[in-house]
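Residue strings, one per chain:
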Amino acid sequence: MPTAMAKEKDKTDEELLGLFAQSEDPILFSEIYKRHVRGLTKYFIWLSSDPNLAKDMAQEVFMKIYGKPSSFDPEQNFKVWLYSVAGNHWKNQIRTHSNRIKFIKAYKDLSLPKIEFEEALILSDKHQRVQSAMKLLTENQRSVILLKYSNNLTIREISQVLDCSEGTIKSRLFYAILKLKEIIYEKSS
Amino acid sequence: MKNPHDLPEELFDMIAKSSFINLDADAKSFALSYISKEVYDEMHEALSIYKESDDALMEAISLQEDVVKRNRFRELMQLQVPLYKVAAMFILCFGLITIYIKQTEDQSLAVIQYQKAEKMENVSVQEGYYPESLVFEL
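It should be emphasised that the depicted structure is a prediction, and the values quoted were computed from it without experimental measurement. (Residues numbered from 1 in each chain as written. Chains lettered and ligands numbered in written order. Predicted model: local features only at pLDDT ≥ 70, side-chain atom pairs only at ≥ 80, totals over all residues. Heavy atoms only, no water.)

1. So, the overall build of chain B
Scanning chain B from N- to C-terminus turns up six helices and one strand. Going through the 138 residues of chain B one by one, you find that 24% of them count as buried. The contacts in chain B between residues at least 6 apart in sequence include a share of 40% that link residues at least 24 apart. (Helix = DSSP H or I, 4+ residues; strand = E, 2+ residues; numbered from the N terminus. Buried < 20%, exposed > 50% of the residue type's maximum accessible area, 1.4 Å probe, protein only. Contact = heavy atoms within 4.5 Å.)

Listed below in structure tokens is the structure:
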């Protein structure tokens, strides 16, 4: 149904999730998933340095959303909410076997597109150098860089995700960038 | 240098996009009103390296759509039709069939009656000729 698909593509994330909460139509969910899963996977790769764990975690976040779309307030910004859920998920990584099985089953039932990696790019020396430098930043510093420059959130949105003032975010971002530079320099020399 | 708390968002975006040397005069003075050229360049360099790596990472991640073979029977079994719709369809079909049967019966009866009347009156209906007695009989 090309027309129906085109219609989904025209909708905002907030509209799609609001409609999905009412109708539970998998096409709506699939559209949100396709828009954000790569960005979210990238976010988890930067945090974990493990592409496979990142893939699982991105899928788990989407399964959480799939299971409880009504927890999203349509007045809210979807990206802010998504990365808040992702941040919390990262903190309390779901490790229990039963939950993981449940997520994998739900994911298979939905037949969503699979996430694939070109390992050579992820494992390249260049990327590994930046990845290991990122690891040396504090969790807060890493998060602000990721949300600002990988996931393109505004300072205001980041302050909502991390629940602190915009001034604090700017300050963290400033020092995080300088520290990243310092670490990259130290490593290369 | 101003307190990092007070740096505008535009400055962070500018640093990510362009090196100090490539800024126009207005942008340069805007940046210099908050941070020094050296700090700007250091931040730009760090972000360039980071962004390059981040873009490569995004390229490395792809989505592979499964070519799902459609299982028509499964889809049919999963189809949920409300009971009232099934009942309405049943009543409609039953009504249409009844009307059809009734019409067929009426037509057959008319043919039988017409043949019977022809025999009784000992006439045959030809084109344009309908004896009054036969019409009355029919």
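2. Focus: the overall build of chain A
Secondary structure summary: chain A contains eleven helices and one strand in total. Listing each helix as α and each strand as β along chain A from the N terminus yields α-α-α-α-α-α-β-α-α-α-α-α. Within chain A, the fraction of its 189 residues that count as buried is 50%. When the accessible surface of chain A is split by element, carbon and sulfur atoms take 50% of a total near 9,200 Å². (Areas by Shrake-Rupley, 256 points an atom, 1.4 Å probe, with all protein chains shown as cover.)

3. Section: the interface of chain A and chain B
Taken together, the contacts link 43 residues of chain A with 34 residues of chain B. Both faces considered, chain A and chain B share a buried interface measuring about 3,600 Å² in area, 65% of it formed by carbon and sulfur atoms. Broken down residue by residue, the surface that chain A buries against chain B is led by A:Arg38, A:Tyr149 and A:Phe174, which jointly contribute 21%. Here chain A and chain B share four salt bridges between them. Note that B:Asp13 is salt-bridged to A:Lys148, the shortest N-O span being 2.7 Å. Taken together, the connections running from chain A to chain B amount to 13 residue pairs in polar contact (both at pLDDT 80 or more). (Buried area = accessible area lost by both parts, 1.4 Å probe. Salt bridge = Lys/Arg side-chain N within 4 Å of Asp/Glu carboxyl O. Polar contact = N/O pair within 3.5 Å; in protein donor to acceptor, adjacent residues only side chain to side chain.)

4. Some remarks on a negative patch on the surface
A grouping of A:Glu182, A:Glu186, B:Glu38 and B:Glu42 is seen on the molecular surface, where their side chains present a negatively charged patch. Tracing the sequence through the fold places A:Glu186 in helix α11 (residues 166–188). For A:Glu186, a relative accessible area of 53% puts it in the exposed group. (Patch = residues over 30% accessible without salt bridge, like charges linked within 9 Å, V, L, I, M, F, W, Y side chains within 5 Å. Lys, Arg positive; Asp, Glu negative; His and termini not counted. Charge placed at Lys NZ, Arg CZ, Asp CG, Glu CD.)

5. Some remarks on the pattern of salt bridges
A full pass over the atoms with the stated rule returns nine salt bridges over all chains. Across the pair A:Lys148 and B:Glu9 runs a salt bridge whose closest N-O atoms are separated by 2.9 Å. Within this pair, whereas A:Lys148 is found in helix α9 (residues 139–150), its partner B:Glu9 is found in helix α1 (residues 9–17), the two belonging to separate chains. Judged by its relative accessible area of 6%, A:Lys148 falls in the buried class. Residues B:Lys37 and B:Asp41 are paired through a salt bridge, measuring 3.0 Å at the closest nitrogen-oxygen approach. Residue B:Lys37 and its partner B:Asp41 are both found in helix α3 (residues 37–60); the two are separated by four residues, about one turn of the helix. With a relative accessible area of 24%, B:Asp41 lands in the partly exposed category.

6. A word on unusual backbone geometry
The general pattern is negative phi for most residues beyond glycine and trans for most peptide bonds. Residues and elements named next belong to chain A. Even without being glycine, glutamate 24 reaches a positive phi, approximately 55°. Summarising the element assignment, glutamate 24 is placed in the loop between α2 (13–23) and α3 (26–48). Of note, the phi angle at asparagine 152 is positive, near 55°, even though the residue is not glycine.

7. Some thoughts on a nonpolar patch on the surface
Residues and elements named next belong to chain B. A surface patch of nonpolar side chains, amounting to about 320 Å² of accessible area, comprises Met89, Leu92 and Leu96. Examined against the element boundaries, leucine 96 turns out to sit in helix α5 (residues 83–121). Residue leucine 96 is classed as exposed on the basis of its relative accessible area of 54%.

8. Description of the packing of aromatic side chains
Residues and elements named next belong to chain A. In the structure shown here, the tally under the stated rule is 16 aromatic pairs over all chains. Here the aromatic rings of phenylalanine 29 and phenylalanine 62 are separated by 6.2 Å at their centres, their planes lie at 80°, and the arrangement is edge-to-face. Note that phenylalanine 29 is positioned in helix α3 and phenylalanine 62 in helix α4 (residues 51–67), a separation of 33 residues in sequence. Comparing phenylalanine 29 with phenylalanine 62 shows no difference in burial state: the two are buried. Plain terms: the ring middles of tyrosine 43 and phenylalanine 44 are 5.5 Å apart, the flat faces sit at 65° to each other, and that makes the pair edge-to-face. Judged by its relative accessible area of 0%, phenylalanine 44 falls in the buried class. (Phe/Tyr/Trp six-rings, centres within 6.5 Å; stacked < 30°, edge-to-face > 60°.)

Nothing here speaks to function; it is all geometry.
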